[in-house]
Amino acid sequence: MKKIITQNHEESSSLVAYSIADIVREKKDACLGLATGGSVELVYANLVQFFEKGTMSFSDVTTVNLDEYIGLPPSHLQSYRRFMDQNLFDLVDIDKANTYIPPGMQAPEAILADFQKMLASRPRDFQLLGIGSNGHIGFNEPDSFFGANAHVVTLDEQTRKDNSRFFDSIDEVPRQAVTMGAGDIMKASKIILIVRGENKRDALRELLSHDRVDPRVPCTILKCHKDVTIVYPKELAP
Ligand code: F6R
């Protein structure tokens, strides 16, 4: 695992955006695995700036997102489809037909069949990750085993609490989501995890301070990947 310790989250976001731009410059039709949430907003803002300056194009890029809430229509303010459209896809020259967010409104079996088919047909050159305060990646929540493939999860109460900041109340946070499995995430050729927020300190320590892989701290599986970079500000350094 490579570590990059930055001055602050702004620097982390800019570094991650430059890495993504490099991948796309090298391979115009790269497939990017993308994430949502507070940790990645500024990464996307940087990418939009690159596009506006004419230094980057998404015209041949395809994307697959990590996860989606079950039961939120794509038009819902907090759906991950809406997040991606607002923060990136509507602001750059990507062909929306080449973007994929799992369809959270369908029946679970249909969502999973669709998602797994998409993952098989779009091998990812890159995967962007954030991390939950409980160590989750995607919505692979702490458990006694890793789900390898895309699956439906019951969200951890901690995750619902953390994400309630985006909703009017915790009661509105969905109880279920669909997520890429740990195996799906690990298939990406290159992974960058950007860590933001004091509440990620313990999970980051579990990732960086020993070599055990523990499904109760899901991010620790990244220790087994051959090309993973963890980017975090110096104040979170364990
Ligand atoms: C989002 C995702 C999650 C988030 C994580 C951190 O698509 O897969 O794993 O990356 O919950 O969320 P923030 O960045 O809001 O703290």
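Structure report, in brief. Because the structure is a prediction, the values reported are computed rather than measured.

Observations regarding the side chain of Thr-220
- In this fold, Thr-220 is placed in the loop between α7 (201–208) and β10 (228–233).
- Residue class for Thr-220 comes out buried when judged on its relative accessible area of 0%.
- In this structure the side chain of Thr-220 is engaged in a polar contact, spanning 2.8 Å, whose partner is the backbone nitrogen of Asp-214.
- Contacts of Thr-220, omitting those with residues within four sequence positions, involve Glu-206, Leu-207, Arg-212, Val-213 and Asp-214.

Some remarks on helix α4 (residues 108–121)
- Given a rise of 1.5 Å per residue, 14 residues ought to cover 20 Å, and the 20 Å separating the end C-alpha atoms of α4 matches this to within 8%.
- Within α4, the full set of buried residues consists of Ile-111, Phe-115, Met-118 and Leu-119. Projection of α4 onto a plane perpendicular to its axis shows the buried side chains occupying an angular sector of 100°, all on one side. Opposite the packed face of α4, turned more than 90 degrees from it, sit the exposed residues Glu-109, Lys-117, Ala-120 and Ser-121.

Considerations on helix α3 (residues 80–87)
- All buried positions along α3 are accounted for by Tyr-80, Arg-81, Phe-83, Met-84 and Asp-85.
- In this structure, the buried residues of α3 make contact with β2 (31–34), α2 (41–53), β3 (62–65), β4 (67–69), β5 (99–100) and α5 (157–163).

Digging into the sheet that holds β4
- With antiparallel pairing, three strands are arranged side by side in an open sheet as β4-β8-β7. Of all strands in the sheet, those with a lone pairing partner are β4 and β7 (151–154), marking the two edges. Taken pair by pair, the neighbouring strands of this sheet meet at an average axis angle of 25°, ignoring direction.
- The sheet contact formed by β4 and strand β8 (residues 176–179) spans three bridges and is antiparallel.

Here we look at the site of the ligand
- Of all residues adjacent to the ligand, which total 15 residues, the nearest are Ser-39, Asp-67, His-136, Gly-138 and Lys-200.
- Take His-136: an N or O atom from its side chain is 2.6 Å from an oxygen atom of the ligand.
- Contact distances for the ligand include 2.9 Å between an oxygen atom and a side-chain N or O atom of Arg-165.
- For the ligand, whose unbound accessible area comes to 410 Å², protein coverage reaches 94%.
- Residue composition of the shell around the ligand, by class: four nonpolar, eight polar and three charged.

Quick look at the pattern of salt bridges
- This structure, assessed with the given rule, holds 12 salt bridges.
- For Asp-22, the salt bridge goes to Arg-25, with nearest N and O atoms at 3.2 Å. With a gap of three residues between them, Asp-22 and Arg-25 both fall in helix α1 (residues 9–26), about one helical turn apart.
- For Asp-22, a relative accessible area of 43% puts it in the partly exposed group.
- Judged by its relative accessible area of 43%, Arg-25 is partly exposed.

About the criteria used
Note that residues are indexed from 1 along each chain, following the sequence as it is written. pLDDT decides what is reported in this predicted model: residues at 70 or higher carry local features, side-chain atom pairs at 80 or more are listed and counted, and totals for whole chains, interfaces and linings draw on all residues regardless. Working from all heavy atoms in the structure, the side-chain values ignore hydrogens and water. The way it works is that DSSP assigns letters per residue, a run of H or I at least four long becomes a helix, a run of E at least two long becomes a strand, and they are numbered from the N terminus. Throughout, exposure labels follow a simple rule: accessible area from a 1.4 Å probe, protein chains only, divided by the maximum for the residue type, with under 20% read as buried, over 50% as exposed, and the rest as partly exposed. Two N or O atoms form a polar contact when they lie within 3.5 Å of each other; inside protein one atom must be a possible hydrogen donor and the other a possible acceptor, and for residues adjacent in sequence the pair counts only when both atoms belong to side chains. Working rule for contacts: check all heavy atoms of both residues, and any pair within 4.5 Å makes them a contact. The length a helix should cover is 1.5 Å for every residue beyond the first. What the arc covers is the set of directions going from the helix axis to the C-beta atoms. Here the rule is simple: two strands pair whenever DSSP picks up at least two bridges between them. Fitted lines through C-alpha atoms serve as axes, helices being fitted only where they are in contact, and the angles separating the N-to-C directions of these axes extend from 0 to 180 degrees. Proximity is defined per residue: if any heavy atom of the residue lies within 4 Å of a molecule or strand, that residue is considered near it. For accessible areas, the Shrake-Rupley method is used with a probe of radius 1.4 Å. Any residue's cover is judged against the shown protein chains and nothing else. In the scheme used here, Gly and all other residues not listed as nonpolar or charged are polar, with Ala, Val, Leu, Ile, Met, Phe, Trp, Tyr, Cys and Pro taken as nonpolar and Asp, Glu, Lys and Arg as charged. Criterion for a salt bridge: a side-chain nitrogen of Lys or Arg within 4 Å of a carboxyl oxygen of Asp or Glu.

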